[in-house]
Amino acid sequence: MANIINFVGFETGDFSECLFVSGTASIQSSVKRTGNYAVRINPIAGVDGYFSLGQYDSAGIHTTFNLVNTFVKFYFRYVTKPTSVSELICQVYDSAPSLKISVFLQSDGKILVSDSDGTLLGTTTELLSANTWYRIELKCGTGSNATYALLIDGITSLSGTGNLLTSNGGLVNVGKVYDSNNNNVDFYYDDISIADNTFPGPSEVRLLKPNANGTFTAWTNDYTNVDEIPHDSDTTTITSSTNTAVETANLESSSDVGITADGINAVKSFIIARRSGLVVNAKVRLRSSSTNDDTSGSDLDTVYNCYGKIYNNNPSNSAPWLRSSLDSLEVGIVHNQAESRQALCTSMGVMVDSISYVTGTIISTSTETLSVKAVKIAIGTTNAAGAISLTIITNNF
């Protein structure tokens, strides 16, 4: 199973979970794969548009990572592709940052991959069609002759070796990172994840919002002041100037947000907070059952930033997440400054990265009762209406 170091589905309704944003990039709700939001990158010729992702450190700060092998998954859809040559859709950098690998969308709909010095590593035979979501996964190794691979919808399209620098991966830039060939483009991205051991695979991101006061209520105001999506800055907040004061909120249930089965890849606790004057340190708390798990604490900025922590396992028992365990979670903030200095929090919640399940409709039920049988399933092609032919044959041993 993939060890997820970060994921984002843009369900905060803004770029709070991103390390950096540049150019023509927006969060919108009209075109999305899952959830309520997705990113649109639609710069004109000569203009860039992209965002950056790293990982959360032990203090809860979004910063660069340090990976020998970087595995990135993103869902990609285009309305307008380049009309000339190609434009970037994703890059991996080291922490300097220096470029390790680039992924381009060509004018013919194929994907091109090049290494750190711009050498072509490969071009796919697959053609991406407009207005269609594709799951793109990229492996970027480390070394002057390191391995890379590109998957489209789980199928390996390209693989091999290239000069991917001897420094580890540290940053992923997603979008038209710079203008390569003077094209207008219109790209959409959703449900992105980064892992350090294998391809993340299919998944979707859901947000659990505060819906009641939690176990701890030592800050001024309550959960109704931190449940807005997107956050409303200083309009509604919880505040505290008291060291060790804790505020937590109960959350929507898994069924409330459409998580209907197990297969939880990772959970992210997050707060969006700032300080009002002198330095204030704060921790992000995730409470699972009766277990409190906090970040080590970070000094809040004077502007609102997102602080968080990724959990591949449940902190209450160190076991993989179950859907039922999501329903006992609380999220919150801990004031961690000895001096009486005010901290403000405008939003908090829990993001869940879970496997995407496909449901179907029962079209026929066999009248035969199976005992010891050999079962053969044959799947045919998809017809124009999108239906798949399915044949099931049973034989006695």
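Located above this text is the structure these notes cover.
Residues numbered from 1 in each chain as written. Predicted model: local features only at pLDDT ≥ 70, side-chain atom pairs only at ≥ 80, totals over all residues. Heavy atoms only, no water.

Some remarks on the overall build of the protein
Stage number 1. Counting secondary structure elements, the protein contains one helix and 30 strands.
Stage number 2. Residue burial in the protein is summarised as follows: out of 397 residues, 51% are buried.
Stage number 3. Here the analysis covers contacts within the protein between residues at least 6 apart in sequence; of these, 71% occur between residues at least 24 apart. (Helix = DSSP H or I, 4+ residues; strand = E, 2+ residues; numbered from the N terminus. Buried < 20%, exposed > 50% of the residue type's maximum accessible area, 1.4 Å probe, protein only. Contact = heavy atoms within 4.5 Å.)

Let's talk about the environment of Glu87
Stage number 1. Position of Glu87 relative to the elements: it lies in strand S9 (residues 86-93).
Stage number 2. Sequence separation between Glu87 and Leu112 is 25 residues; the distance between their C-alpha atoms is 9.6 Å.
Stage number 3. In this view, Glu87 contacts Pro82, Val103, Phe104, Leu105, Lys176, Tyr178, Asp179, Ser180, Asn181, Asn182, Asn183 and Val185; residues no more than four positions away in its chain are not counted.
Stage number 4. A distance of 3.3 Å separates the side chain of Glu87 from the backbone nitrogen of Asn182, its partner in a polar contact.
Stage number 5. Within the structure, the side chain of Glu87 is placed 3.0 Å from the side chain of Asn183, a separation counted as a polar contact. (Polar contact = N/O pair within 3.5 Å; in protein donor to acceptor, adjacent residues only side chain to side chain.)

Topic: unusual backbone geometry
Stage number 1. Looking along the chain, the bond that leaves Ala96 and enters Pro97 is cis, with omega of 5 degrees.
Stage number 2. As for its position among the elements, Pro97 is in the loop between S9 and strand S10 (99-106).
Stage number 3. Here the bond from Ile229 into Pro230 is cis, since omega is -10 degrees, no more than 30 degrees from zero.
Stage number 4. Within the secondary structure, Pro230 is located in the loop between strand S19 (210-217) and strand S20 (238-240).
Stage number 5. Notably, Asn131 is not glycine yet its phi reads approximately 60 degrees, a positive angle.
Stage number 6. With respect to the helices and strands, Asn131 occurs in the loop between strand S12 (120-123) and strand S13 (134-140).

Considerations on the state of the cysteines
Stage number 1. Taken as a whole and judged by the stated rule, the model has zero disulfides.
Stage number 2. As a non-bridged cysteine, Cys18 has Cys306 as the owner of its nearest cysteine sulfur, 9.5 Å distant.
Stage number 3. Not engaged in a disulfide, the cysteine Cys90 finds its nearest cysteine sulfur in Cys140; these two sulfurs lie 9.5 Å apart. (Disulfide = S-S within 2.5 Å.)

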